[in-house]
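Letter by letter, the chains look like this.
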Amino acid sequence: MNYQDHPDDGTVTRELRDSLSELAVPERPPLAAITRQGRGHRRRRRLAGLCVAGAAACIALALGLAGVFGADPARSPGTIQTADFTLTSFSDGTVSLRLGQLFDPAALQRAFAHDRIPALVTTGTYCSSSPAAPDPTRDGVLPGSGPPPRGSRPPRPPIRGVLLTANFPVQPSQLAPSVDPVTVMINPAAMPSGTELFIGFYDLGHTVFVGVIYTGSHTCRAVQEPPGVPWR
Amino acid sequence: MGVSQDSAEFAEFFAASWDPCLRAVAATTGSMTLAEDQVAEAFARAWACWRKVSRHPAPRAWVVRTALNAGASWWQRRSKETALASHDVAAAGSLGTGLDTALLAALRRLPARQREVVALRVFLDLDIDTTARHLGIAPGTVRAHLSRAMTALRGELARALTAEIGR
């Protein structure tokens, strides 16, 4: 390799690729082991589908088959807790979502599915419906998250949802006990027919957006921050 | 598409993609042992929804990102075992020697998003637009992450080269 005081991007890329090609990797596992593991995932997905059909059976199955869930979030009655979030179901049908860290949208979406709450959870993407779904802060979907007091923020843009900002760790090396969690209450019973929750995570600004979209007619676009952040 | 054809396609994908995916994840996370588990889990998930993954524009990227996401919680739970900081590099020394180790260790010190971009753009050779679509961010953001990552890695490479010349 030629010495350069200031290697360019091409050199760095080549070095990285060379480093990678020299990595000795263990022999790949048998395909049968992968498919066996994959069948476990399929079973869990089917179970989630069955759960929609019967809540009591779902709870019994979920508790009885807790061991089947393997690395999925730890479950106790009414609560799904991971290192990233806690989703608690209450007897009145409401749930609280307490976010501590933001790295596994798929796990959060699975947790909502487990509680039979339709939700789309993404990172770096903002999804909205046209026409827009009703404002969840006004129709009781997000109780306690009503519109801000008059004068506390300019009236535009009219965001239909809540923005949560906190000291979320955005990379594993920053994970620390000093996490500043936030909690949002959700009332699924108030969600209009054909809608689902939309939860977007945004590294820039350490922001979470919680809103409601129509399941069948929404569009998503990549953004660094959701609308409304500059008015924070 | 029939089930047997699906199975054959997945088997072919698995055979061709295991090594590159495992290398990308191992280099990014710093632990071959963890990477092996994470990549196996990602391939299992790919098998479970193969009809969806097979239509993905970059199935290998899907596997790598799924593996990295699966590893995110491990990084927290097993931070003492995972080489995220320089003092941990020795623990993962099997990943390389000398210059390679320094560069890969520098890679693992990058923020998570920058590591993901490097894994997809550099290790899997995806173009900027495909990387952006896969990560759900704008192409300009991919360029920005890549530029920052390259700046950090250039500095590390220059130091490693200087040290190599000095030996």
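Now for a description of the structure that goes with this document. (Residues numbered from 1 in each chain as written. Chains lettered and ligands numbered in written order. Predicted model: local features only at pLDDT ≥ 70, side-chain atom pairs only at ≥ 80, totals over all residues.)

Quick look at the overall build of chain B
Counting its regular elements, chain B contains eight helices and zero strands. Moving toward the C terminus, one meets the helices and strands of chain B in the order α-α-α-α-α-α-α-α. With 167 residues in all, chain B has 50% of them scored as buried. Partitioning the contacts of chain B with sequence separation of at least 6, the portion at a separation of at least 24 is 68%. (Helix = DSSP H or I, 4+ residues; strand = E, 2+ residues; numbered from the N terminus. Buried ≥ 20, exposed ≤ 12 C-beta atoms within 10 Å, placed from the backbone. Contact = placed C-beta atoms within 7 Å.)

A short note on helix 2 (residues 32-48) of chain B
All names here are of chain B. For helix 2, built from 17 residues, the straight-helix expectation of 24 Å at 1.5 Å per residue is met to within 8% by its first-to-last C-alpha distance of 24 Å. Summarising burial for helix 2: twelve of the 17 residues are buried, a large majority. For helix 2, the full list of buried residues reads Leu34, Ala35, Gln38, Val39, Glu41, Ala42, Phe43, Ala44, Arg45, Ala46, Trp47 and Ala48. (Expected span 1.5 Å × (residues − 1).)

Things to note about the pairing of strand 10 (residues 207-214) of chain A
Residue and element names in this part refer to chain A. Strand 10 sits mainly inside the fold: seven of its eight residues count as buried. As paired elements, strand 9 (residues 195-202) and strand 10 share eight bridges and run antiparallel to each other. Within strand 10, the position partnered with isoleucine 199 by the bridge is valine 210. (Pairing = 2+ DSSP bridges.)

Points about the nonpolar core
Ranked by size, the top nonpolar core spans 52 residues in total, and within it Cys21, Val25, Val39, Val63, Val64 and Ala67 of chain B carry the most contacts. Elements supplying a minimum of two residues to this core: helix 1 (9-21) of chain A together with helix 1 (3-29), helix 2, helix 4 (59-77), helix 5 (98-108), helix 6 (112-123), helix 7 (128-135) and helix 8 (139-166) of chain B. Ranked by the residues each element gives to this core, the list is headed by helix 2 of chain B, at nine residues. Listed in part, the 31 residues of the second largest apolar core include Ala107, Ala111, Ala119 and Val208 of chain A. (Core = buried A, V, L, I, M, F, W, Y, C linked by C-beta atoms within 7 Å.)

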